[in-house]
Amino acid sequence: MTGLVMAGQLILGLAIMVTLHELGHFMAARAFGIRVEKFYLFFDAWGYKLFSFKKGDTEYGVGWLPLGGYVKIAGMIDESLDKDALKAEPQPWEFRSKPAWQRLIVMVGGVAMNIILGVGIYWMLTYKYGEKQLPISELSNGIVASAAAQGIGIMSGDKIVKINGKQVKYFSELISAEVLLGNAILTIDRDGNVMDIKVPADLIEQISEQEDIPFVSERFRFTVREVMPGTGAEKGGLQPGDAIVGVDSIQIEFYDQFQKAVSGRNSQQLALAIKRNETIDTLQVQLDEFGVLGFYPAPEDFTYDTKTYGLFESLKLGADKAFHALFVSVKGLGKVFKGEVSASKSLHGPIGIAKIYGGEWDVNRFWIITGLLSMVLAFMNMLPIPALDGGHVIFLTIEAVSGYKFSDNFMEKAQITGMIILLALMSFAIGNDVWKLFG
């Protein structure tokens, strides 16, 4: 079921981003009287499609291969490489008959729509939810250090009080780009001893190796909120409101200590010390084959700072968040090109993106990730690679400035070259996903 939820969220997110991207090209083309022959969500590779219908001059449809989508614009050299259509004399409704500035607008229409989508999502999220921040002062018990954090010298229970000499105000600063992209100096308070820790440049790579584990998280005491029926927790007598204070001979105070105590003990029996109505009791419980006991924790309450914004205030903040998310992604990609982090550990294909969406439906998380991916898609499409929008933009800009128009033969060869590059990158990303999944 988890896999289906991941796949469903990935396909839904892609459908929204791809449809709006292609709609940008479509609307710009129609605005200049250019005929659009096809508008497809996903690819109808080898002529196979889920369904289609024709309205006017355009065939609309959904392909079977969910790796993108396309619009086939009359008189344009694209991924279809339809040479026969270009042999005839240019027609007034064709892409190649229009001025360079009009063709340029058609090519940037898709990117513009992705930016509008990304900004719009962050705008609405900011308007609806405002900003909810956990003050660092609430973490009186410090943080929980992931394996990556422990690898650079941070320990669970530490309090991170400064980043690059600046006092930390909110927990979110500890997992911001300033820290995760490396080279930051963290000032740590460990039981009254203050020390500085240098964050390595390849921290993001180390984090990617610890899938689904945040760099640091909040440390909290807990009680049992809910017991799942049919699990070892229910069979062993665990009840809502119980406080787990020991696992076998290990004393438990925080939830991360409980997780560590049961880690790797799949299908084993545990002696669980619990506190119920001020009385300590011992329960014999059985973990299942996945190491799950079967309860939901109720963390101790934290007091958050919450600020709400009006509609127009939210627009500015939403735009700032969207472009900051894009900046962080571009900066991370720059680290890959510089060799500071490994491409195989940092880049994701469809499987990796599905895992980022997660196996549980969370509407807020879904829109945050979709907004980020829409901004990233806009950036990726503007890379100066033939076959991408950015490649076409480069050629059209040269034509608009110099008046020199590239031949159809040149554009065809450029398109083929770009498609080879994109297929190689796509093969790498998908192969990398498969290797991570099974390797």
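Owing to the predicted nature of the structure, the values given are computational and were not obtained by experimental measurement.

Participant: Explain a nonpolar patch on the surface to me, please; I cannot follow it from the model alone.
Facilitator: On the surface, a cluster of nonpolar side chains totalling about 800 Å² of accessible area is made up of Trp46, Tyr48, Leu50, Phe51, Phe53 and Trp64. For Phe53, a relative accessible area of 44% gives the class partly exposed.

Participant: Explanation requested: the packing of aromatic side chains in the structure shown.
Facilitator: Any aromatic ring pair is given by two values, namely how distant the centres are and how the planes are angled relative to each other. In this structure the tally under the stated criterion is 21 aromatic pairs. Considering the side-chain rings of Phe222 and Phe258, the 6.2 Å spacing of their centres and the 50 degrees angle between planes classify their relative orientation as tilted. With Phe222 in strand 12 (residues 222-227) and Phe258 in helix 8 (residues 255-262), the pair connects residues that are 36 residues apart, well separated along the chain. Classification of Phe258 as buried rests on a relative accessible area of 5%.

Participant: Sorry if this is basic, but what is going on with the sheet that holds strand 9 (residues 185-190) here?
Facilitator: Through backbone hydrogen bonds, the strands of a sheet pair up, either in parallel or in antiparallel fashion. Ordered in space as 8-7-9-10, the four strands form an open sheet in which the pairing is antiparallel. Sheet topology places strand 8 (166-167) and strand 10 (193-198) at the edges, where each strand pairs with a single neighbour. Sheet topology note: the strand 7 (residues 159-163)/strand 9 ladder contains four bridges and is antiparallel. Of the residues in strand 9, the one forming a bridge with Ile163 is Leu186.

Participant: Explain helix 9 (residues 311-338) here, please?
Facilitator: Since the α-helix packs 3.6 residues into each turn, any two residues three or four apart lie on the same face. For helix 9, spanning 28 residues, the distance from its first C-alpha to its last is 40 Å, which sits close to the expected 40 Å at 1.5 Å a residue. Within helix 9, burial applies to Ser314, Gly318, Ala319, Ala322, Ala325, Leu326, Gly332, Leu333, Lys335 and Val336. Looking one or two residues beyond helix 9, the residue adopting positive phi is Gly339, at roughly 85 degrees.

Participant: Got a minute to help me understand the nonpolar core in this structure?
Facilitator: Ranked by internal contacts, the top residues of the largest apolar core, which has 46 residues, are Ile154, Phe215, Leu238, Phe258 and Leu272. Of all the elements, helix 8 adds the most residues to this core, at four residues. Not counting chain neighbours up to four residues away, the residues in contact with Leu238 comprise Val224, Val227, Ala233, Leu272, Ile274, Arg276, Leu283, Leu293 and Phe295. Grouped together as the second largest cluster of nonpolar side chains are 16 residues, Ala28, Phe32, Ile73 and Leu396 included.

Participant: Teacher, can you tell me more about the sheet that holds strand 4 (residues 65-73) here?
Facilitator: One open sheet holds the four strands; their spatial order is 2-3-1-4, and the pairing between them is mixed. On the outer flanks of this sheet lie strand 2 (49-55) and strand 4, each paired with one strand and no other. Adjacent strand axes in the sheet meet at a mean angle of 10 degrees, parallel and antiparallel pairs treated alike. Sheet topology note: the strand 1 (residues 36-43)/strand 3 (residues 58-63) ladder contains four bridges and is parallel. Considered in strand 3, the bridge of Tyr40 is made with Gly61. Against the sheet, helix 1 (residues 2-31) touches strand 1, strand 3 and strand 4, its axis set at about 165 degrees to strand 1.

What counts and what doesn't
Residues numbered from 1 in each chain as written. Predicted model: local features only at pLDDT ≥ 70, side-chain atom pairs only at ≥ 80, totals over all residues. Heavy atoms only, no water. Patch = residues over 30% accessible without salt bridge, like charges linked within 9 Å, V, L, I, M, F, W, Y side chains within 5 Å. Areas by Shrake-Rupley, 256 points an atom, 1.4 Å probe, with all protein chains shown as cover. Salt bridge = Lys/Arg side-chain N within 4 Å of Asp/Glu carboxyl O. Buried < 20%, exposed > 50% of the residue type's maximum accessible area, 1.4 Å probe, protein only. Phe/Tyr/Trp six-rings, centres within 6.5 Å; stacked < 30°, edge-to-face > 60°. Helix = DSSP H or I, 4+ residues; strand = E, 2+ residues; numbered from the N terminus. Pairing = 2+ DSSP bridges. Expected span 1.5 Å × (residues − 1). Core = buried A, V, L, I, M, F, W, Y, C linked by side-chain atoms within 4.5 Å. Contact = heavy atoms within 4.5 Å. Axes fitted to C-alpha atoms, helices over the stretch in contact; angles between N-to-C directions.

These results come straight from atomic positions and should not be treated as a statement about function.
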